[in-house]
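Understanding the architecture of this molecule
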Amino acid sequence: MSRILIVSNRLPTKILRTEESLTFQPSEGGLATGLGSIYQQDDNVWVGWPGLYVEDAAEEAYVCEQLAQNSMVPVFLTETEIRDFYEGFSNSTLWPTFHYFTQYATYEQSHWEAYVAVNEKFCRAVLELAGPDDTIWIHDYQLLLLPALLRQARPDCTIGFFLHIPFPSYELIRVLPWRRELLQGMLGADLIGFHTFGYMRHFLSAVSQLLGMSSQNGQIETGTRTVLVDAFPMGIDYERFVAAAASEAAIRHEANYREALRDVRVILSIDRLDYSKGIAQRLRAFELLLQRYPEWREQASLLMIVVPSRDQVAQYASLKEEIDELVGRINSRYRTISWTPIHYFYRSFPLEELASFYRLAEVALVTPMRDGMNLVAKEFVASKADQRGVLILSERAGAARELSDALIINPTDTGQLAEAMHDALVMPEEEQIQRMSAMQALVRQYNVFAWTQLFMDRLAYTKIKQHTLATETLTPTATAKLLSEYHAAPSRLLLLDYDGTLAPFHPDPQRARPDQELLLLLKALADVPQNRVVVISGRDRTTLQTWLGHLPIDFIAEHGVWLRPAGEDWQLFQTLSNDWKPEIRSILALYVARTAGSFIEDKEYSLVWHYRRADAELGAVRARDLLNHLTFMTSNGDLQVMEGNKVIEIKTAGIHKGSAAARWLATYQPAFTLVIGDDRTDEDTFRAMPPEAYTVKVGTASRSLARYHVSGTPDVRRLLRQLL
Ligand SMILES: O=P(O)(O)OC[C@H]1O[C@H](O[C@H]2O[C@H](CO)[C@@H](O)[C@H](O)[C@H]2O)[C@H](O)[C@@H](O)[C@@H]1O
Ligand SMILES: O=c1ccn([C@@H]2O[C@H](COP(=O)(O)OP(=O)(O)O)[C@@H](O)[C@H]2O)c(=O)[nH]1
Ligand SMILES: [Mg+2]
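Here the structure is a predicted model, which means the values were calculated and not measured. (Residues numbered from 1 in each chain as written. Chains lettered and ligands numbered in written order. Predicted model: local features only at pLDDT ≥ 70, side-chain atom pairs only at ≥ 80, totals over all residues. Heavy atoms only, no water.)

The subject of this paragraph is the coordination of the magnesium ion (ligand 3). The protein atoms donating to the magnesium ion (ligand 3) are D497 (OD), D499 (O) and D678 (OD), with metal-donor distances spanning 2.0 to 2.1 Å. When the donors of the magnesium ion (ligand 3) are listed by position in the chain, the intervening gaps give D-x1-D-x178-D. With D497 in the loop between β19 (492-496) and α19 (516-527) and D678 in the loop between β28 (672-677) and α24 (680-688), this pair connects stretches of sequence that are 181 residues apart. For D497, a relative accessible area of 3% gives the class buried. (Donors = N, O, S within 2.8 Å, 3.2 Å for Na, K, Ca; no water. Helix = DSSP H or I, 4+ residues; strand = E, 2+ residues; numbered from the N terminus. Buried < 20%, exposed > 50% of the residue type's maximum accessible area, 1.4 Å probe, protein only.)

Listed below in structure tokens is the structure:
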């Protein structure tokens, strides 16, 4: 039976220790409330921290047992782990960075180490639980390393990852000392989800800039798998909020509050105490409203609920003081005997009371500086049965992408915010209903169940796609078969590409020279009498000659322009002309001028534009552009344009590694053939091979004609050593 294992730092239940007992309470925060309706379906399980330091084994066992009754499995964290992993790396490094508050970010090596260790702890907990058919769904920034850790332990498992907070611009991510490890960690997943397309775009950009992995339609080739990246705006359990708002308890609470407030109009805000939520700015805007529009004094109040959060983190503690002080100042300045400008609550409320606040309020103020989604905005909409009420929403909350019928504001523009409050208070009912009903239709349809379904469907699709597109991994069993056929064969051909296959890439192609180990390896392979070793490369013949010419091996250079059997002279594949070069060179020069870091390689019968050293994204854009340009230029058919790994190459049509390899095979038919290559130009070689040949693609497992794949040059070296 397959089930979903939800994994997040915090469980939807938190346990508090009172003097005499333990009490179990719902956790606050969007992740817990949002997914709270999902995990109790089927046999699903939620793995996470219960917010309690257990005192002894007996208590631990008791907690496990209690939580198990509600499909939860605890991961216990120590006080030191909470300090360094949770308050430290998660909430003093990642949270401020991802919310564009880098001025608050700290970079502590010890916090990073705790982060790694706690992610490993979660990994062990999940491995203990997960069956082979289970889907592991990891949530949020506290567990960015977990996907890759699990992938390492279980290469075939199904892993989804969802980030609930914004993913910021590459310019912020690049500041983090551990930026590559964090991205690599996320790429352990099969599907990576974000609330908005903007966050997804930033992630793809960071992966491209920092890991050099490009993407197409949100798909990243990691070398061993295709990872899909997509946007899934999270919804709420709509009917639950409709029901809560219609409940007797909510109606009763509302009546009590209404009686106390008399006919004062209520503007509501609800959030965790967090600098990302723009609470202080909102208070200043409310004060400005009272100054600009004195008619609202004694007529409108701000009901502000602030839920305690992360109060051990310095910035949160000082924000608390700032808010206390601001509320005190505004209230003392404007209050009258019968009217309080700001009703401020610093605590959390159960659902029915939240529902009564949503009912009571005519205006909801959701004005974060940055917010992954913001579910309060959606909950307010769901609670408005009579469709009256106005939502004021920050353009920097993920929810603003969907709720375009809210009054969308820039939260740093205090003036605009004050005006929006005024506009909301005077908005005609007809307009309120029109806007609210449009938002309700959207929030109802894209609820949390639809969100889960969509995410799971995309995850299943990714898995299927991975399997259908993939070449087989060169497993130990397949390797054993290869070796036994190799040993049995009286004649053998090894067709080996150079860059990306025998030697790793270097930013400067001229510095990717063979090392001693490679030279010895090739020599030893070529010395075996039954073997013929051919290096088949796009490199110019002079370079191959200089680097490898002293070895008893054959060469195919410039993608087939030049051939050289061991010990003989270089031969041209066919008579060729270079008449086309000046025109194409001038086009390439244009792209060099427009793309810092790129350059032209001028080979005897080919021209190459290299963009490995250019900005990754600019390079990709210019490459597309150049390809279009060249395809148009070369449409008469005399020339061909080849795309390699961060290169675009132009040469006479009909000459490629495949045609050269085919010519080789016409004169020499080995009993065993092994072909290894890494880029698109090697696909021509794979295509030219007889079906029994062993063709091996280095790098991504997908989209290749090869039978097998390995992940990198070290695997190639290992395989070649095994032949000896
Ligand atoms: O666990 P805590 O440190 O107490 O913090 C509470 C949660 O806050 C964050 O919630 C986010 O998720 C919401 C749902 O996707 C989204 O609407 C909101 O914009 C986010 O800030 C955090 O991401 C969770 O991990 C925390 O548990
Ligand atoms: O006293 C409270 C106040 C709020 N919430 C819930 O906390 C969540 C806040 O989620 P949001 O996405 O707005 O922001 P986050 O806190 O996750 O950043 C919402 O579901 C609220 O209903 C709660 O459980 N108790
Ligand atoms: Mg190559």
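And the narrative resumes.
A separate point is the site of ligand 1. Around ligand 1, a shell composed of 20 residues is seen, among which R10, Y86, D140, H164 and D371 lie nearest. At 3.5 Å, a side-chain N or O of R272 approaches an oxygen atom of ligand 1. Protein burial of ligand 1: of its 560 Å² of free accessible surface, 95% is covered by the chains. Counting only elements with at least two residues in the shell around ligand 1, the list comes to α1 (30-35) and α3 (79-98). Residue composition of the shell around ligand 1, grouped by class: 8 nonpolar, 7 polar and 5 charged. (Near = heavy atom within 4 Å. Polar contact = N/O pair within 3.5 Å; in protein donor to acceptor, adjacent residues only side chain to side chain. Areas by Shrake-Rupley, 256 points an atom, 1.4 Å probe, with all protein chains shown as cover. Nonpolar A, V, L, I, M, F, W, Y, C, P; charged D, E, K, R; others polar.)

This next bit is on helix α11 (residues 279-292). For α11, with 14 residues, the first-to-last C-alpha span of 20 Å sits near the 20 Å given by 1.5 Å per residue. Here α11 lies mainly inside the structure; 10 of its 14 residues are buried. Listing the buried residues of α11 in full gives I279, A280, R282, L283, A285, F286, E287, L288, L289 and L290. Against β12 (265-272), β13 (300-307), α12 (314-334), β14 (342-346), β15 (363-366) and α15 (414-426) lie the buried residues of α11. (Expected span 1.5 Å × (residues − 1). Contact = heavy atoms within 4.5 Å.)

This next bit is on the confidence of the model for the chain. Overall, the predicted model of the chain reaches an average pLDDT of 94, with 99% of residues at or above 70. For this predicted complex, the interface confidence reaches an ipTM of 0.93, while the overall pTM sits at 0.84. (pLDDT = per-residue confidence, 0-100.)

Time to look at the site of ligand 2. Around ligand 2, the surrounding shell holds 15 residues, and the nearest of these are G30, T33, R272, F349 and E379. For ligand 2, an oxygen atom lies 3.3 Å from a polar atom in the backbone of V376. Between E379 and ligand 2, the recorded distance is 2.4 Å, taken from a side-chain N or O atom to an oxygen atom. Protein coverage of the free-state accessible area of ligand 2, which is 540 Å², stands at 90%. Elements with a contribution of two residues or more to the shell around ligand 2: α1, β12 and α14 (375-383).

The next thing to look at is the domain arrangement of the chain. By a frequent convention, interface size equals the accessible area lost on bringing the separate parts together. Under the domain assignment used here, the chain contains domain 1 (4-76 + 121-231), domain 2 (238-445), domain 3 (472-574 + 655-723) and domain 4 (581-652). Computed over C-alpha atoms only, the centres of domain 2 and domain 3 are separated by 67 Å. (Domains from an automatic or database assignment.)

In this section: the pairing of strand β16 (residues 390-394). Of all 5 residues in β16, 5 are buried, a share of seventy percent or more. What you see with β16 is no split at all: V390, I392 and S394 on one side and L391 and L393 on the other are buried throughout. The pairing of β15 with β16 spans 4 bridges and is classified as parallel. Across the sheet, A364 pairs through a bridge with L391, a residue of β16. After leaving β15, the chain enters α14 and then returns to the sheet as β16, a path that is right-handed. Here 3 bridges tie β16 to strand β17 (residues 407-409), and the two strands are oriented parallel to one another. Following the sheet pairing, S394 is matched in β17 by I409. (Pairing = 2+ DSSP bridges. Right-handed = clockwise from strand over helix to strand, strands pointing away.)

Take unusual backbone geometry next. We note that D42 has phi near 45°; this positive angle belongs to a residue other than glycine. Considering the arrangement of structural elements, one finds D42 in the loop between α1 and β4 (45-49). Positioned with a positive phi, H559 is a non-glycine residue whose angle comes to about 55°. Along the polypeptide, H559 turns up in the loop between β21 (554-557) and β22 (562-564). Its relative accessible area of 6% is what places H559 among the buried residues.

This part takes up the pattern of salt bridges. Applying the stated criterion to the full structure yields 43 salt bridges. R17 is paired through a salt bridge with E55; the nearest N and O atoms lie 3.6 Å apart. Here R17, found in strand β2 (residues 13-17), pairs with E55, found in the loop between β4 and α2 (57-68); they are 38 residues apart in sequence, far enough to count as distant. Relative accessible area serves as the criterion here: at 37%, R17 is assigned to the partly exposed category. Residue E429 pairs with R388 through a salt bridge whose shortest N-O separation is 2.8 Å. With E429 in helix α16 (residues 429-445) and R388 in the loop between α14 and β16, this residue pair connects regions lying 41 residues apart in the sequence. (Salt bridge = Lys/Arg side-chain N within 4 Å of Asp/Glu carboxyl O.)

Further remarks concern the packing of helix α9 (residues 238-246) against α14. One way to put it is that α9 packs onto α14 with a least axis distance of 8 Å and a crossing angle of 55°. By the criterion of interaxial angle, the relationship of α9 to α14 is oblique. Relative to α14, α9 is oriented so that their crossing is right-handed. Facing Y238, F241, V242 and A245 of α9, the residues of α14 in contact are E379, A382 and S383. Partitioning the contact of α9 with α14 into residue classes produces 5 nonpolar, 1 polar and 1 charged. (Axes fitted to C-alpha atoms, helices over the stretch in contact; angles between N-to-C directions. Parallel < 35°, antiparallel > 145°, perpendicular 65-115°, else oblique. Left-handed = near helix turned anticlockwise from the far one by under 90°.)

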